[in-house]
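Here is how the chains run, residue by residue.
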Amino acid sequence: MAKSLCVVLILVASLHDCEGALRFASYYGDHMVLQKSPESAVLWGYGPEGAQVTVTLSGPSQQKTSLVDVTNGIWRVTLDPVEAGGPYNVTAAAQSSTATLTDVLFGDIWLCGGQSNMWLQTSKIFNASEELHLAAKYPHVRTFMAALNLSETEETDLLEVELSWSVPPENVAEFSAVCWLFGRYLYETLQYPIGLVESCWGGTPVEVWSSSRALKQCELLQTYSSPKMNSVLWNAMIHPLLNMTIKGAIWYQGEANADYHQDQYNCSFPAMIDDWRMAFHQGSGGQTALDFPFGFVQLSTYIKGSKSDGFPNIRWHQTADNGFVPNRRMQKTFMAVALDLPDATSPFGTIHPRDKQDVAYRLTLGARAVAYNEKGVSFQGPFPKLILSAHDFINITYDQNVSVTPSKDVFEICCAGIETQCGPKSSWVPAPIMHWGPTTVQLSTSLCQPPYKVATLRYAWRDWPCDFKACPIYSASGILPAPPFITNRSPGKGNQEL
Ligand SMILES: *[C@@H]1O[C@H](CO)[C@@H](O)[C@H](O)[C@H]1NC(C)=O
Ligand SMILES: *[C@@H]1O[C@H](CO)[C@@H](O)[C@H](O)[C@H]1NC(C)=O
Ligand SMILES: *[C@@H]1O[C@H](CO)[C@@H](O)[C@H](O)[C@H]1NC(C)=O
Ligand SMILES: *[C@@H]1O[C@H](CO)[C@@H](O)[C@H](O)[C@H]1NC(C)=O
Ligand SMILES: *[C@@H]1O[C@H](CO)[C@@H](O)[C@H](O)[C@H]1NC(C)=O
Ligand SMILES: *[C@@H]1O[C@H](CO)[C@@H](O)[C@H](O)[C@H]1NC(C)=O
Ligand SMILES: *[C@@H]1O[C@H](CO)[C@@H](O)[C@H](O)[C@H]1NC(C)=O
């Protein structure tokens, strides 16, 4: 008798404790970074139904929010804007309990998403030991990683946290190298705290990270069996984060779409970006910008000598078939071109090149220009402004000064008769570089013999077009590779016609 009574009491006590405890949602924690002014950080968590919660901020500046009610077990407050800096303690208090976050900084929050090249850990890249050693010098670049979870319904909170907020060098070895280096390089420029939120999963196509709203736009609503099930990672690993204010997002994904809904990627990727922007804006009560900056890595390389046009097509589709970003369809985006960074001996497979420093650095240039409006930062590689075709040569005028290494076959042409069209199965022949000037390149088209004429020109249109940092065309500084292009495939861009 006495024994069973005791059991009942324990049960009641633990239930009470579970419902009664005031706490923050899973992704708020000690050492975290909250979005700085001019935006306002949003905080939310759980508490006993009907309780009134106040949130106080103590540190370099002080704040106390008015009482908010716990409704359906959830409370939520929007702070007044806080300037970059810290450390702060953030305390949520109700009548019976309090929850505190210590060592909180205000800065910019960047979300890092995608598949395995975003996931690839800092411990695995080139010069990993130096990078890990250096990490200790960046205690204001904080990291957080969501666990790999999926769900068939939109979750309110993360199901699990993989790495809670931490101060480098802790957890940097297991953290995304691209995300970490992006944050570290950004910190060098901004000199204020950066919060990095990693939410990515290897081998995943864009469909799993997209809401049904976004998929509907591209007629991709049919469902498939796991792990390619539509929206499952959107539901579990993105939707819960919508209520946090963020500055922007970076993304490294597309390999898994090279053989899965490849033709629709020019729709599905831009649609996902639009949808994330709308959803983060709404979820944060208007704090996250409706057009928040979105940076991404254009696919690197996979199989040397591959005849597949999967990677070239995805690279093109990543730009909504424009070849460069930002463009009219993809505003406030920036892209790190990576097709010149192959790694034939990567122990993680050639699909995972280990030079993530250049990838992250190129992304940072884009962020500085597009997200932070820093003037005079070059972030785009050379792109043709004018293509002029004469009887046995083509002259390309680039939109900037170029650094040229002559190549015999990275430019290719397709020769066609009057009635024929150029497609992937057509016969493509090399167009060697003959001459070049500060902004121009002249190609020989002598391999197109009459009666055939050059119908289409393409550049670096191969899975693995060049050796490491040895593509033919770079910016004059030599840092930014020219992105791949193909003529006559672009929607409404006059300057690519031959
Ligand atoms: C935050 O709380 C910790 C532990 O309670 C305390 O040592 C520290 O002084 C507080 N910091 C601020 C800025 O209030
Ligand atoms: C979440 O993912 C982790 C591993 O990433 C796994 O251990 C855990 O069981 C998952 N939780 C749920 C609720 O699916
Ligand atoms: C996307 O690419 C496919 C295949 O290349 C093409 O048929 C389609 O018109 C493109 N769609 C858009 C929206 O650009
Ligand atoms: C988070 O945002 C979503 C989307 O706007 C909304 O449905 C949800 O209620 C919000 N959750 C909290 C805890 O505020
Ligand atoms: C690795 O370090 C060496 C020596 O400092 C440097 O030359 C090389 O560029 C670094 N590699 C990367 C990918 O950063
Ligand atoms: C491009 O190169 C030309 C000739 O070398 C030089 O005069 C000009 O200043 C350069 N332009 C830029 C923007 O660097
Ligand atoms: C084509 O380029 C070459 C060298 O770059 C230049 O000498 C020639 O005048 C150009 N031709 C035309 C028609 O623009």
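This text follows the structure it describes.
Residues numbered from 1 in each chain as written. Chains lettered and ligands numbered in written order. Predicted model: local features only at pLDDT ≥ 70, side-chain atom pairs only at ≥ 80, totals over all residues. Heavy atoms only, no water.

1. With respect to the site of ligand 3
What counts, and what does not: Proximity is defined per residue: any heavy atom of the residue falling within 4 Å of a molecule or strand makes that residue near it. N or O atoms closer than or at 3.5 Å make up a polar contact, with two conditions inside protein: a donor-capable atom paired with an acceptor-capable one, and, for residues adjacent in sequence, both atoms drawn from side chains. Accessible surface is estimated by sampling points in the Shrake-Rupley manner with a 1.4 Å probe; for residues, cover comes only from the protein chains shown. Only Asp, Glu, Lys and Arg are considered charged, only Ala, Val, Leu, Ile, Met, Phe, Trp, Tyr, Cys and Pro nonpolar, and every remaining residue, Gly among them, polar.
Every residue near ligand 3 is listed here: Asp 263, Asn 266, His 317 and Asp 321. Contact distances for ligand 3 include 3.4 Å between an oxygen atom and a backbone N or O atom of Asp 263. Within the side chain of Asn 266, one N or O atom sits 2.3 Å away from an oxygen atom of ligand 3. Computed on the free molecule, ligand 3 has an accessible area of 360 Å², of which 43% lies beneath the protein chains in the complex. Residues of the shell around ligand 3, tallied by class, amount to no nonpolar, two polar and two charged.

2. Concerning the pairing of strand β19 (residues 411-416)
Rules: The cut-offs for exposure are 20% and 50% of the maximum accessible area for each residue type, with area from a 1.4 Å probe on protein chains only; residues under the lower value are buried, those over the upper are exposed, and the others partly exposed. For helices the rule is a DSSP run of H or I covering at least 4 residues; for strands it is a run of E covering at least 2, with both sets numbered from the N terminus onward. At least two bridges found by DSSP between two strands is the condition for calling them paired.
Of all six residues in β19, six are buried; the element is thus mostly enclosed. What you see with β19 is no split at all: Phe 411, Ile 413 and Cys 415 on one side and Glu 412, Cys 414 and Ala 416 on the other are buried throughout. The pairing of β19 with strand β23 (residues 453-459) spans six bridges and is classified as antiparallel. What sits directly across from Cys 415, in β23, is Val 454. Summarising the sheet, β19 and strand β20 (residues 428-430) pair through three bridges and their orientation is antiparallel. Residue pairing across strands places Glu 412 opposite Pro 430, the latter belonging to β20.

3. Thoughts on the layout of surface pockets
Our working definition: Of the two site types, the cavity is a set of points on a 1 Å grid over the protein atoms alone where a 1.4 Å probe fits but cannot get out, and the pocket is an open set with protein on both sides within 12 Å along at least five of seven lines, each lined by residues with an atom within 4 Å of a point. Grid points are joined across faces, edges and corners, and a volume is the space filled by probe spheres set on the points.
Estimates place the volume of the largest pocket at around 340 Å³. As for the largest pocket, its lining consists of 19 residues, and the residues nearest its centre are Lys 307, Pro 424, Trp 428, Arg 458 and Trp 461. Partitioning the lining of the largest pocket into residue classes produces six nonpolar, seven polar and six charged. The space that makes up the second largest pocket amounts to roughly 210 Å³. Lining of the second largest pocket is provided by 16 residues; of these, Glu 255, Ala 258, Asp 259, Tyr 302 and Phe 311 occupy positions nearest its centre. Split by residue class, the lining of the second largest pocket holds six nonpolar, seven polar and three charged.

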